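Here's the letter readout for the chains.
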Amino acid sequence: MGSRDRQRARIMITVKTYPELSNKYRETSCVAGIRLDQGAPQHVRLFPVPFRLLAEEARFSKYSIIKVDVEPHGRRDSRPESLRPDLGTLEIVGEIAAVGDWRERYKYVEPLVAPSLCAIRRDQQAHGTSLGVFRPNDVSFRLTAAERWSESKAALASQLDLLEQDLAPLEWVPLEFRYRFRCADADCPTHDMALKDWEAGASYRKFLRKYGERAVQEKLRTWYDRIFSRDRAVHFFVGNIAAHPRTFMLLGLFYPKVNVVEYVQDSLFGD
């Protein structure tokens, strides 16, 4: 990186997806966050980030505060939120803890909350918007069979195992966490999306080892029930695909307590 557009960015991480195998990058995760060093909070996407290949001291978690040198991708990725990180400059400088029912986290997210996924899609067509967060309605959850890795992807996983002797093999997750929901838009056609979050894949592996194949789906539904409880105001983080900008994916969940959302909204808009 030697561009005049290079900047030092301060970012709160909000999204880290389950790793994808890549011919170019071996494996990479979609990492997104909220930039905190340019006045009003801004959505940002960091790519590529081969998270499991980072040095141990650089392996951030969600809601970590990091500093990293970044620059735009240019024509390779024209999405306005996309930045190329110089991972050799990455440092973890803090963390926004879950204390206070996520009030501190919500303080940074709230200014970016869109009315709906339908509104985010309209913004994409008008302005090229590629990341968003919103609160869905009428959410239902189901587990479905995931598409198996192709032979080429399986071969990539084997090659990575040989190259990175200290790295645990990347495991294929045979289930998709699917969410069907409606937007706040009156004309919402209803949406159905699979969750890409690292936490979902890690939960599957953890529960499989702990409870076995016969009980894993029941335990994962309990995981869903814990997040979508009455006292949680669940929001969805979404992002689109560079090659198909009108296609959005569900990248992560954000679930502050309802009382936090109501308190902040009352503070902003009055009773």
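Structure: above.
Residues numbered from 1 in each chain as written. Predicted model: local features only at pLDDT ≥ 70, side-chain atom pairs only at ≥ 80, totals over all residues. Heavy atoms only, no water.

To continue, consider the sheet that holds strand S10 (residues 175–182). One open sheet accounts for three strands, arranged S9-S10-S11; its pairing is antiparallel. Pairing within the sheet leaves two strands with one partner each, and these edge strands are strand S9 (137–145) and strand S11 (191–194). Direction aside, neighbouring strands of the sheet carry axes that sit 25 degrees apart on average. Of the pairings in the sheet, the one linking S9 to S10 comprises seven bridges and is antiparallel in character. Looking across to S10, one finds that Leu143 is bridged to Phe177. (Pairing = 2+ DSSP bridges. Helix = DSSP H or I, 4+ residues; strand = E, 2+ residues; numbered from the N terminus. Axes fitted to C-alpha atoms, helices over the stretch in contact; angles between N-to-C directions.)

With that settled, consider unusual backbone geometry. Of note, the bond from Phe47 into Pro48 is cis; its omega dihedral lies within 30 degrees of zero at 0 degrees. By the element assignment, Pro48 lies in strand S4 (residues 42–49). In this model, Trp102 sits at a positive phi of 75 degrees, which is unusual for a non-glycine residue. A relative accessible area of 9% places Trp102 in the buried class. (Buried < 20%, exposed > 50% of the residue type's maximum accessible area, 1.4 Å probe, protein only.)

With that settled, consider the nonpolar core. Membership of the largest hydrophobic core comes to 59 residues, with the highest contact counts inside it found for Met12, Phe177 and Tyr179. Beyond its immediate stretch of four places on either side in the chain, Met12 contacts Gly33, Ile34, Leu36, Tyr63, Ser64, Ile65, Ile96, Arg105, Tyr108 and Val109. The next biggest cluster of nonpolar side chains, apart from the first, holds 17 residues, and it includes Ile13, Val31, Phe51 and Leu83. (Core = buried A, V, L, I, M, F, W, Y, C linked by side-chain atoms within 4.5 Å. Contact = heavy atoms within 4.5 Å.)

Looking now at the pairing of strand S3 (residues 26–35). Burial within S3 is extensive, with eight of its ten residues counted as buried. With antiparallel pairing between neighbouring strands as the criterion, strand S2 (residues 20–22) and S3 make up a hairpin whose turn holds three residues. In this sheet, S4 lies alongside S3 in antiparallel orientation, the contact comprising six bridges. Considered in S4, the bridge of Val31 is made with Leu46.

Here the structure, examined in full by the defined rule, presents 19 salt bridges. Linking Glu199 and Lys62 is a salt bridge whose minimum nitrogen-to-oxygen distance equals 3.5 Å. Taken together, the positions of Glu199 in helix H4 (residues 198–211) and Lys62 in the loop between S4 and strand S5 (64–72) put the pair 137 residues apart, joining distant regions of the chain. Given a relative accessible area of 16%, Lys62 falls into the buried group. The salt bridge involving Asp185 is made with Arg122; its shortest N-O contact spans 2.7 Å. Placement of Asp185 in the loop between S10 and S11 and of Arg122 in helix H2 (residues 117–127) is noted, with a sequence separation of 63 residues between them. The structure contains a network of salt bridges with shared partners spanning Arg6, Arg8, Asp69, Asp86 and Glu91. (Salt bridge = Lys/Arg side-chain N within 4 Å of Asp/Glu carboxyl O.)

The next thing to look at is helix H5 (residues 216–227). Helix length check: H5, at twelve residues, gives a terminal C-alpha distance of 17 Å against a target of 16 Å (1.5 Å per residue), a fit within 8%. For H5, the full list of buried residues reads Val216, Leu220, Trp223, Tyr224 and Ile227. One side of H5 carries all its buried residues, which in axial view fall inside an arc of 100 degrees. Looking at the buried positions of H5, the neighbouring elements they touch are S9, S10, H4 and strand S13 (244–254). (Expected span 1.5 Å × (residues − 1). Arc of directions from axis to C-beta.)

Interpretation note: all reported values are geometric properties and have no functional meaning in isolation.
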